[in-house]
Amino acid sequence: MTKPRFGKRLGFAAIMAVAIAAPSARAQQPEPAPPKAGKLINAGDVLSGELNAMKIRGAKRGSKGAATYQLTSEPRRLPPPNGLCNLETGPETFQLITSSDAQAAQLKGFIGKEISVKVDEVACAEDAGQMSEAVVTKWSIVTSH
């Protein structure tokens, strides 16, 4: 014979079994695929993104700081031997090195806006003070949006 509260106990046991089994069923779902590396960027290709100005700390007292700009773009792979710059998807931030005051003045008007630059030389950032993942040493503005 059954005890008076058998149905309640059976229902409670069923609810507990479902509650314990549910998280393990969710945990067995496949993990999302890792992000794919961006497409390769070669000399002469166009790189588009938002332009930001960067302040350099540690400059000598009394010296005029160099204008430094950063372009944030989609992940891109660099040509060998640089490859992915020790990143899973390739660099997303590119530091634009200005070689003259004219280049700095040209970029100054585009801060915070989308721009496109033609890349002539690009490499992975290697110096400890660089805040970008890659450095574009030779470039020219193609179009502005």
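Preceding this section is the structure that the text describes.
Reading guide: rules and limits
Residues numbered from 1 in each chain as written. Predicted model: local features only at pLDDT ≥ 70, side-chain atom pairs only at ≥ 80, totals over all residues. Heavy atoms only, no water. Pairing = 2+ DSSP bridges. Helix = DSSP H or I, 4+ residues; strand = E, 2+ residues; numbered from the N terminus. Core = buried A, V, L, I, M, F, W, Y, C linked by side-chain atoms within 4.5 Å. Buried < 20%, exposed > 50% of the residue type's maximum accessible area, 1.4 Å probe, protein only. Contact = heavy atoms within 4.5 Å. Salt bridge = Lys/Arg side-chain N within 4 Å of Asp/Glu carboxyl O. Patch = residues over 30% accessible without salt bridge, like charges linked within 9 Å, V, L, I, M, F, W, Y side chains within 5 Å. Areas by Shrake-Rupley, 256 points an atom, 1.4 Å probe, with all protein chains shown as cover.

Draft legend 1. Geometry of the pairing of strand β1 (residues 46-54). Bridge analysis of β1 against strand β4 (residues 114-124) gives 5 bridges, and the strand direction is antiparallel. Paired with Val 46 across the strands is Lys 118, a residue of β4. Bridge analysis of β1 against strand β2 (residues 68-72) gives 5 bridges, and the strand direction is antiparallel. Each residue of the ladder has a partner; that of Met 54, found in β2, is Thr 68.

Draft legend 2. Quick peek at the nonpolar core. Within the largest apolar cluster, 20 residues are counted, with the highest numbers of intra-cluster contacts made by Leu 78, Phe 94, Leu 96, Leu 107 and Val 117. Listing elements by their share of this core, those giving two or more residues are β1, β2, β3 (93-97), α2 (101-108), β4 and β5 (134-144). It is β4 that provides the largest number of residues to this core, a total of 5 residues. Once residues lying within four places of it in the same chain are set aside, the contact partners of Phe 94 are Leu 47, Tyr 69, Gln 70, Leu 71, Ser 73, Glu 74, Arg 76, Leu 78, Val 122, Ser 132, Ala 134 and Val 136.

Draft legend 3. Inspection of the pairing of β3 at higher detail. Of all 5 residues making up β3, 4 are buried, and the element is well covered by its neighbours. In this structure, β2 lies alongside β3, joined through 5 bridges in antiparallel fashion. Bridge pairing in β3 places Leu 71 opposite Phe 94.

Draft legend 4. The arrangement of the pattern of salt bridges in detail. Tallied over the entire structure, the rule returns 1 salt bridge. When the shortest N-O distance is used, the salt bridge between Lys 138 and Glu 121 registers 3.4 Å. Placement of Lys 138 in strand β5 and of Glu 121 in strand β4 is noted, with a sequence separation of 17 residues between them.

Draft legend 5. Here's a closer look at a nonpolar patch on the surface. Together, Phe 12, Met 16 and Ile 20 line one region of the surface with nonpolar side chains, adding up to about 340 Å² of accessible area. Relative accessible area serves as the criterion here: at 63%, Ile 20 is assigned to the exposed category.

Draft legend 6. Just the environment of Ala 53, in detail. Structurally, Ala 53 can be placed in strand β1. A relative accessible area of 47% means that Ala 53 is categorised as partly exposed. Ala 53 sits 17 residues away from Gln 70 along the chain, and the two C-alpha atoms are 6.2 Å apart. Excluding residues within four positions of it along the chain, Ala 53 makes contact with Thr 68, Tyr 69 and Ile 111.

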